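# Commentary on secondary and tertiary structure
What follows is each chain in one-letter form.
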Amino acid sequence: MQTGSRPTKVLTARGAATRQRIVDAATEEFAQHGIAGARVERIVAAARTNKAQLYDYFGNKDGLFDAIFGASLERIVEVVPIDSSDLPDWAVRLYDEYLEQPSLIRLATWARLERRPEGHLVEDADRLDGRKLAFIADAQAAGTVCAGDPFDIMALVIGMSMAWSPVSNVYAATSAEPTTVHDARRELLRDCVRRAVMTG
């Protein structure tokens, strides 16, 4: 992330509610317009607050994006942990999360386009890959996942899970599509990941 963490403020219930409204409004703004295109004026209007409050909580627009993007990375680790029985199931759960929270993928895409066009999406200190890479390495040691750099295997599975994501250059799925359509994609994704990386 570009800016350092701001000191944690003790918020009243009203302050916490205001901060959450800013986060919600800014998430939509950044997801739609990116970092450069986002406008603080639109964020504070949607959040029913003012610039002074936003700057007090987040420092500046970059600090606000950092807070939201960092929280989105933490959310996906918590909501879609990689401690399930296999990588195909993890890929399917990632697919489902992109359907429910399309802003997560859009934020990551803007970060890639505007901040880090090469290499890792975030600075090493902010990466949350440790548990995922350890899981893959353990599965490799147990003979259930194919040989290869655990990071590359993780990247491959995540890439497959994003085939129908909101930033797909082929087709972006939505939660409004019929359940039967999603079920067919889940089965195809599960089977393709199994064939690509599983050995057991």
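Below is a short write-up of the structure. These numbers were taken from a predicted model, which means no experiment stands behind them.

Below, the discussion takes up the packing of aromatic side chains. Under the criterion given, the structure shown has four aromatic pairs. Seen in terms of ring centroids, Y57 and F58 are 6.3 Å apart; in terms of plane orientation they differ by 80°. Their pairing is edge-to-face. You can call F58 buried: its relative accessible area is 4%. With a centroid separation of 5.7 Å and 90° between ring planes, the pair formed by Y95 and W164 is classed as edge-to-face. Residue Y95 is found in helix α5 (residues 87-100), and its partner W164 is found in the loop between α8 (150-161) and α9 (179-197); the two are separated by 69 residues along the sequence. Residue Y95 is classed as buried on the basis of its relative accessible area of 2%. The class for W164 is buried, based on a relative accessible area of 18%. Three or more aromatic residues joined by ring pairs form one cluster here, namely F30, F65 and F69.

What follows concerns the pattern of salt bridges. Inspection of every chain in the model, using the stated rule, returns 15 salt bridges. Across the pair K51 and E41 runs a salt bridge, and its minimum N-O distance is 3.0 Å. Residue K51 is found in helix α3 (residues 51-58), and its partner E41 is found in helix α2 (residues 40-47); the two are separated by 10 residues along the sequence. Relative accessible area serves as the criterion here: at 34%, K51 is assigned to the partly exposed category. For R195, the salt bridge identified is with D191, shortest N-O distance 2.9 Å. One end of the pair, R195, and the other, D191, are both in helix α9, four residues apart, so they sit about a helical turn from each other. Judged by relative accessible area, which is 66%, R195 ranks as exposed.

Reading the values: the criteria
- Residues numbered from 1 in each chain as written.
- Predicted model: local features only at pLDDT ≥ 70, side-chain atom pairs only at ≥ 80, totals over all residues.
- Heavy atoms only, no water.
- Phe/Tyr/Trp six-rings, centres within 6.5 Å; stacked < 30°, edge-to-face > 60°.
- Buried < 20%, exposed > 50% of the residue type's maximum accessible area, 1.4 Å probe, protein only.
- Helix = DSSP H or I, 4+ residues; strand = E, 2+ residues; numbered from the N terminus.
- Salt bridge = Lys/Arg side-chain N within 4 Å of Asp/Glu carboxyl O.

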